[in-house]
Amino acid sequence: RAPVDFVISAFGLAVSVIAEDQEGVALQMREKGYPPAVIAQAQEVARAAETVFVDDFKGGFRQLDAVNAKYGSAPWFKDVHGDFAWFVLGHPDAQLRQQAAQFDWHTPFYYDPMPTLRADRVPQLWIVGGEDYEAPSAETSRRIKSLIAGGLPDTLAYYPHAEHGMTLFQTQADGTRISTRYEPGYFAMLGVKQEATPAEVQ
């Protein structure tokens with residue numbers, strides 16, 4: 001809304017909040033080695049959890065109960081996470097209703113950013129990571145490439161091995177990630193002169 005010379009989007013998204021969660025579930029389940037059929041079931045579970053958020057914790061519990069009953073005993077169920085679906089999975093309805101106020105985020109879950117991005121003529125630099133669980137980048141990358149192909153003055157910088165924050169990481173035996181360092185060249189791209197380790201940046 002204000003006139004600017006350029007925009008930098010660091011590990012941002014060009015998809016809706018719901019699409020973000022769905023893509024996150026797919027990425028996480030794929031990296032755990034699950035086949036497409038299981039990934040589709042995991043996304044079905046996530047959709048039910050997402051419905052509870054969209055309905056402001058006033059509805060969606062029937063769908064959530066149904067997928068819990070259908071898939072709750074499946075060995076992969078514990079691995080369904082997403083960006084926010086995991087908040088409600090595995091919790092009884094009464095507990096979720098009691099905690100509803102803390103999730104009252106007024107989030108426009110189905111907001112589509114593409115009309116705004118197509119109409120904007122300000123040069124944009126989009127920096128995304130291929131291993132980003134919090135902001136999965138596959139669809140965003142595809143969309144930014146489509147804007148570039150359409151003639152917009154945008155640039156996409158894709159780091160295939162970076163997670164959220166543009167950090168590289170080591171995966172522990174239990175599947176958790178330990179950040180090790182920032183992607184080389186990331187801070188230079190932002191105009192920061194000296195790179196630092198993750199622990200040195202606040």
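Everything discussed here concerns the structure shown above.
Residues numbered from 1 in each chain as written. Predicted model: local features only at pLDDT ≥ 70, side-chain atom pairs only at ≥ 80, totals over all residues. Heavy atoms only, no water.

## Thoughts on the pattern of salt bridges
Taken as a whole, this structure holds eight salt bridges when the rule is applied. The partner of R177 in a salt bridge is E163, and the shortest N-O contact between them spans 3.3 Å. Linking R177 in strand β5 (residues 177–182) with E163 in the loop between β3 (154–159) and β4 (167–171), this pair joins segments that are 14 residues apart in sequence. Relative accessible area serves as the criterion here: at 11%, E163 is assigned to the buried category. A single network of salt bridges, built from pairs that share partners, joins E31, E131, E163 and R177. (Salt bridge = Lys/Arg side-chain N within 4 Å of Asp/Glu carboxyl O. Helix = DSSP H or I, 4+ residues; strand = E, 2+ residues; numbered from the N terminus. Buried < 20%, exposed > 50% of the residue type's maximum accessible area, 1.4 Å probe, protein only.)

## Comments concerning the layout of surface pockets
Approximately 520 Å³ is the volume attributed to the largest pocket. Lining of the largest pocket is provided by 20 residues; of these, Q28, K32, Y133, G175 and R177 occupy positions nearest its centre. Those elements that provide at least two residues to the lining of the largest pocket are α1 (17–31) and β4. Of the residues in the lining of the largest pocket, the class split is three nonpolar, seven polar and ten charged. (1 Å grid on protein atoms, 1.4 Å probe; cavity = no way out; pocket = protein on both sides within 12 Å on 5 of 7 lines; lining within 4 Å. Points joined across faces, edges and corners; volume = space filled by probe spheres on them. Nonpolar A, V, L, I, M, F, W, Y, C, P; charged D, E, K, R; others polar.)

## Describing the packing of α1 against helix α2 (residues 36–54)
Packing of α1 against α2 leaves a shortest axis separation of 9 Å and a crossing angle of 150°. Here α1 lies roughly antiparallel to α2, going by the angle between them. Seen along the crossing, α1 lies across α2 with a hand that is right-handed. Where α1 abuts α2, its residues I18, D21, Q22, V25, A26, M29 and R30 lie against V38, I39, A42, Q43, A46, R47, E50 and V54. Residues of the contact of α1 with α2, tallied by class, amount to nine nonpolar, two polar and four charged. (Axes fitted to C-alpha atoms, helices over the stretch in contact; angles between N-to-C directions. Parallel < 35°, antiparallel > 145°, perpendicular 65-115°, else oblique. Left-handed = near helix turned anticlockwise from the far one by under 90°. Contact = heavy atoms within 4.5 Å.)

## Observations concerning the side chain of D21
Mapped onto the fold, D21 is located in helix α1. One buried charge, D21, has no salt-bridge partner; the nearest side chain with opposite charge is R47, at 9.5 Å. (Lys, Arg positive; Asp, Glu negative; His and termini not counted.)

## Some details on the nonpolar core
M29, V45, F57, L64, W76 and V80 are the most contacted members of the largest nonpolar core, which totals 30 residues. When contributions to this core are tallied by element, the ones reaching two or more residues are α1, α2 and α3 (61–71). Per element, the largest residue contribution to this core is nine residues, and it comes from α2. In this view, W76 contacts M29, Y34, V38, Q41, A42, V45 and Y71; residues no more than four positions away in its chain are not counted. Counting residues in hydrophobic clusters, the runner-up holds nine residues, among them L125, A157, A162 and Y186. (Core = buried A, V, L, I, M, F, W, Y, C linked by side-chain atoms within 4.5 Å.)

## A few points about the packing of aromatic side chains
One pass over the structure, following the stated rule, counts 13 aromatic pairs. Arranged with centres 5.7 Å apart and planes meeting at 50°, the rings of F84 and F109 form a pair that is tilted. Of this pair, F84 sits in the loop between α3 and α4 (93–98) while F109 sits in the loop between α4 and α5 (114–119); the two residues are 25 residues apart in sequence, bridging distant segments of the chain. The structure contains a cluster of three or more aromatic residues connected by ring pairs, namely F53, F57, F84, W86, F87, F103 and F109. Against the face of Y133 rests R177, its NZ or CZ located 3.8 Å from the ring centre. Just above the ring of F169 sits the side chain of R177; from NZ or CZ to the centre is 4.0 Å. (Phe/Tyr/Trp six-rings, centres within 6.5 Å; stacked < 30°, edge-to-face > 60°. Lys NZ or Arg CZ within 6 Å of the ring centre and 35° of its normal.)

## Here we look at α3
For α3, the set of buried residues is F61, L64, V67 and Y71. Taken end-on, α3 shows its buried residues confined to a sector of 130°, consistent with a single buried face. Set apart from the buried face of α3 by more than 90 degrees, the exposed residues are R62, A69 and K70. The secondary structure elements touched by the buried residues of α3 are α2 and α4. (Arc of directions from axis to C-beta.)

## Looking at the pairing of β5
The sheet contact formed by β4 and β5 spans five bridges and is antiparallel. Opposite F169, over in β5, you have S179 as the bridge partner. Counting the residues between successive antiparallel strands, the hairpin from β4 to β5 contains five residues, one of them, G175, with a positive phi of roughly 95°. (Pairing = 2+ DSSP bridges.)

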